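Chain and residue survey
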Amino acid sequence: MRRRTFRQVLVIGTGLLLVGCGSGAEQAALYRAEKLLYEARKAETQARLATSQPDSTALLQVREAFLKVKRSAPGPYKLEGDARGRARVAAIMRTVGTAEVSGGRLALEAKRADLALETAQRLQSGAATDTATARQAAFMAVAAYQSLRRYDDVVAQMKRILATYPPLSPPPNGEDPVLAIPEAIVNLRRNLGEEQAAARELREALEYYQGLLRRPQTPALEAQVRARVLRTHLELNQVGRALEEANTLERLVMATPSLRSMLAEVGYAKGKIKASTEKNPSEGIAILDRIATDFPNSPLAPRALFEAAVQTESKGRLEDARARYEAILQRFPNTAEVAPLSLYRLGVVQEKLGDWGRAKATFESIPVHYPRSTAAAEAPVAVIQHYAREGRRTAAELYFSKALATYRELIKQDSTGQVAPLARMKMYQIYAAGRDSNGIYEIADEMLRVDRGHPYTAQVLLEAARAAKAFGNSQRATAYLRRFIQEFPRSPVIGDVRRELKEHGG
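Everything quoted here is computed from the prediction, not taken from an experiment. (Residues numbered from 1 in each chain as written. Predicted model: local features only at pLDDT ≥ 70, side-chain atom pairs only at ≥ 80, totals over all residues. Heavy atoms only, no water.)

All right, on to the overall build of the protein chain then. Counting its regular elements, the protein chain contains 24 helices and zero strands. Expressed as lengths along the three principal axes of its C-alpha atoms, the size of the protein chain is roughly 110 × 65 × 50 Å. Accessible surface computed for the protein chain: about 26300 Å², of which carbon and sulfur atoms make up 53%. Side-chain charges in the protein chain split into 75 positive and 57 negative, and the spacing between the mean points of these groups amounts to 6 Å. (Helix = DSSP H or I, 4+ residues; strand = E, 2+ residues; numbered from the N terminus. Areas by Shrake-Rupley, 256 points an atom, 1.4 Å probe, with all protein chains shown as cover. Lys, Arg positive; Asp, Glu negative; His and termini not counted. Charge placed at Lys NZ, Arg CZ, Asp CG, Glu CD.)

So, in C-alpha cells, the structure goes:
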C-alpha cells in the first residue's frame, strides 16, 4: 500500500513537473534537436579547420549531421496552447529551420544545387508560421536556381520574395537584402544580354520602391528606400526627378543624426548630375572626389571616384583619369563592382596616352586579378582589337591562342556561371574571326550542353548555322537551326529562323 502510494505520488509529481514546463514530448524533442544542432555545428567547424576548402564529399557528410535535426523532431508542430507551449514549439521549429537552412547552404557549397532547391521548397511550404526560416529558404531557392542556370525561375523567385516579404528596418550599418532584389533582377537581365528586359525591370523597380514609400516606414528604412529611388532615377536618366529625390533624402538625413552617413548618397547623386549635365563638370567632379575622402568607408566611395574618373576621361583629361583609376585600385582593390572596371579603363587610358606596352600588361592582368568579372572576359578582345586597329593582322591572329587559353582558364575558375557564357561567346568570336570551323562547332556544341537557355547560346546557334552553311556543311547548319527552334521557341526571331530552316530543306 505504501509502495503504491509512493508510486502515485511520484507519478503525480512528475506530472506536475511536466505541467510546469509544458508537454514532456515537446520538451524532449527540443532538447534532442538543440543537441543535434550543436553537434552538427561542431562537425562543420572541425571539417573547416581540417582543410581550407572542404571537398564536396566532406560538405555533404556535414550536411547529413544537420539533417538529423529534422529527423529527430519531424513534427508536425502547431502554435497552440498556452504561452509556454507556443514558445517551446516555436523554439523547436526555429531549431529545425536553422539546421535545414544550414544543410541547404552546404549543399550549395558542395555544388548540389538540386539538393538545396529541394530543401528550400520544403521549407517554404512547411514553415508558414516561421517567417524567418521561410524567408531564408526563399533566398536559398534564388541561389539554387542561379546555380542551375534556370534564369527565368531566378527572376520569378525574386519577384515572389518582393511580393511576400516587405523589407525590414535595417540593422546598424546594414540593409535588408530584400531591398537589393530589384537591382539584382536588372543586373541579371543585363548579364544575360537582355537589354530591353533590363530596361523594363528597371522601371518596375522604380514602381516597387515608390510603392514602399506610400506606406509609413521608420526613418532608417525610408532613407534607404529613397536612396534606391534616387539611384533608379539616375539609371533611367531622369535627372530632374533624381535631383528632387536627392533634396528630399537630404532633408530626411539632416533631421535624423543617426543617418548622417547617407549624405554620401546625396553627394554622389548631386555630383554625378552636375558632372554629367553642366558644361563645366569641374564642380561635380570635385563633389565626387570629396565623397571618397569624407566617406572612405562608404560603399559609394569607390563608385564616386570611378564616376569622377569616367567624367574626366570623357572630357579628354586622360592624366587626371589615369590618376583616379590608379587611386581606386590602390584604395579599393577588393570592390567587385568597381575595381575590375577601373583596371580595364586604366588600360584604355594608357593606350590612349600612347603607352601600349603598359596598357597590354594592364589588360592581361585583369583575368589574373579579377577572373569572375566581365572585364576579365573583355580584356583579351581589347588586345586583339588594338592590333586590328593598327592593321597588324598577323599580331592579332597570333594572339588568338593566348586569348583562348585565357578564356578556358576563366571558365575553369567560374563557379557561379556568370562569366563562363560570355567567355565562351568570346571564344566563338575568335574562332569565327579565324574561320576555324572545328572551333566554331566545338563552342556551339559546348554551349548547347552547359549554357542551355542562355541568350548567348541563342546568338551563337544562329551564327554557327550561318557559318556552317558558308563552310558547305548544310547538315550541321540545319541541325543548329532545329536546336534553336527547340531551345528558344519564344524568341522574337523564331519566324525568321523557321523560314530559314525551310529554305535549308529542314
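Another point: helix 6 (residues 131–147). Helix length check: helix 6, at 17 residues, gives a terminal C-alpha distance of 25 Å against a target of 24 Å (1.5 Å per residue), a fit within 8%. Taken as a whole, helix 6 has its buried residues at Thr133, Ala134, Arg135, Ala137, Ala138, Met140, Ala141, Val142, Ala144, Tyr145 and Gln146. Where helix 6 ends, the next residue or the one after it, Arg149, has phi of about 60°, a positive value. (Expected span 1.5 Å × (residues − 1). Buried < 20%, exposed > 50% of the residue type's maximum accessible area, 1.4 Å probe, protein only.)

Quick look at empty space enclosed by the protein now. Within this structure, the stated rule accounts for one cavity of 30 Å³ or more. Quantified by volume, the largest cavity comes out at close to 40 Å³. If you trace the largest cavity, you find it lined by Tyr151, Leu188, Asn191, Leu192, Gly417, Gln418, Pro421 and His454. A class-by-class count of the residues in the lining of the largest cavity yields four nonpolar, four polar and no charged. (1 Å grid on protein atoms, 1.4 Å probe; cavity = no way out; pocket = protein on both sides within 12 Å on 5 of 7 lines; lining within 4 Å. Points joined across faces, edges and corners; volume = space filled by probe spheres on them. Nonpolar A, V, L, I, M, F, W, Y, C, P; charged D, E, K, R; others polar.)

Here we come to the nonpolar core. In terms of nonpolar packing, the biggest core is built from 75 residues, with Tyr325, Phe363, Ile366, Tyr407, Tyr480 and Phe484 touching the most fellow members. Residues contacting Ile366, with those up to four places away along its chain left out, are Leu343, Tyr344, Pro371, Ser373, Ala375, Ala376 and Ala379. Counting 37 residues, the second largest nonpolar core, distinct from the first, contains Ala120, Leu123, Val225 and Val229. (Core = buried A, V, L, I, M, F, W, Y, C linked by side-chain atoms within 4.5 Å. Contact = heavy atoms within 4.5 Å.)

Compared with the 18 Å implied by 1.5 Å per residue over 13 residues, the 18 Å span of helix 13 (residues 282–294) between its first and last C-alpha is a close match. All buried positions along helix 13 are accounted for by Gly284, Ile285, Ile287, Leu288, Ile291 and Ala292. End-on view of helix 13: buried residues confined to an arc of 160°, all on one side of the axis. Helix 13 presents Thr293 and Asp294 as exposed residues on the side facing more than 90 degrees away from its buried surface. As for helix 13, its buried residues are in contact with helix 12 (263–277), helix 14 (300–314) and helix 15 (318–331). (Arc of directions from axis to C-beta.)

What follows covers the layout of surface pockets. In this approach a probe as big as a water molecule rolls over the atoms, and the regions it shows empty are the leftover space. Space inside the largest pocket adds up to approximately 1400 Å³. Lining the largest pocket are 36 residues, with Glu183, Asn187, Arg190, Glu337 and Leu341 sitting closest to its centre. Among the secondary structure elements, those contributing two or more residues to the lining of the largest pocket are helix 8 (181–191), helix 9 (195–213), helix 10 (219–235), helix 12, helix 14, helix 16 (339–352) and helix 18 (374–389). Among the elements that take part in the lining of the largest pocket, helix 8 stands out by supplying six residues, more than any other. Partitioning the lining of the largest pocket into residue classes produces 16 nonpolar, 10 polar and 10 charged.

Looking at the element boundaries, Glu500 is found in helix 24 (residues 494–503). For Glu500, a relative accessible area of 16% puts it in the buried group. If we skip the residues at most four places from it in the chain, Glu500 touches Arg466 and Leu481.

So, about the packing of aromatic side chains. Within the structure shown, the criterion is met by eight aromatic pairs. Put simply, the rings of Tyr344, Trp356, Phe363, Tyr387 and Tyr399 touch in pairs and so form one group of aromatic residues. Its guanidinium or amino end placed over the ring of Tyr441, Arg476 lies 4.1 Å from that ring's centre, counting from NZ or CZ. (Phe/Tyr/Trp six-rings, centres within 6.5 Å; stacked < 30°, edge-to-face > 60°. Lys NZ or Arg CZ within 6 Å of the ring centre and 35° of its normal.)

Next up on the list: the packing of helix 2 (residues 24–50) against helix 3 (residues 56–72). A pair of packed helices can be characterised by two numbers: the angle between their axes and the separation between those axes. Relative to each other, helix 2 and helix 3 sit at 175°, their axes nearing to 8 Å. By the criterion of interaxial angle, the relationship of helix 2 to helix 3 is roughly antiparallel. Contacts between helix 2 and helix 3 involve Arg32, Ala33, Leu36, Leu37, Ala40, Arg41, Ala43, Glu44, Ala47 and Arg48 from the first element and Leu59, Val62, Ala65, Phe66, Lys68, Val69 and Ser72 from the second. Looking at the contact of helix 2 with helix 3, its residues break down into 11 nonpolar, one polar and five charged. (Axes fitted to C-alpha atoms, helices over the stretch in contact; angles between N-to-C directions. Parallel < 35°, antiparallel > 145°, perpendicular 65-115°, else oblique.)

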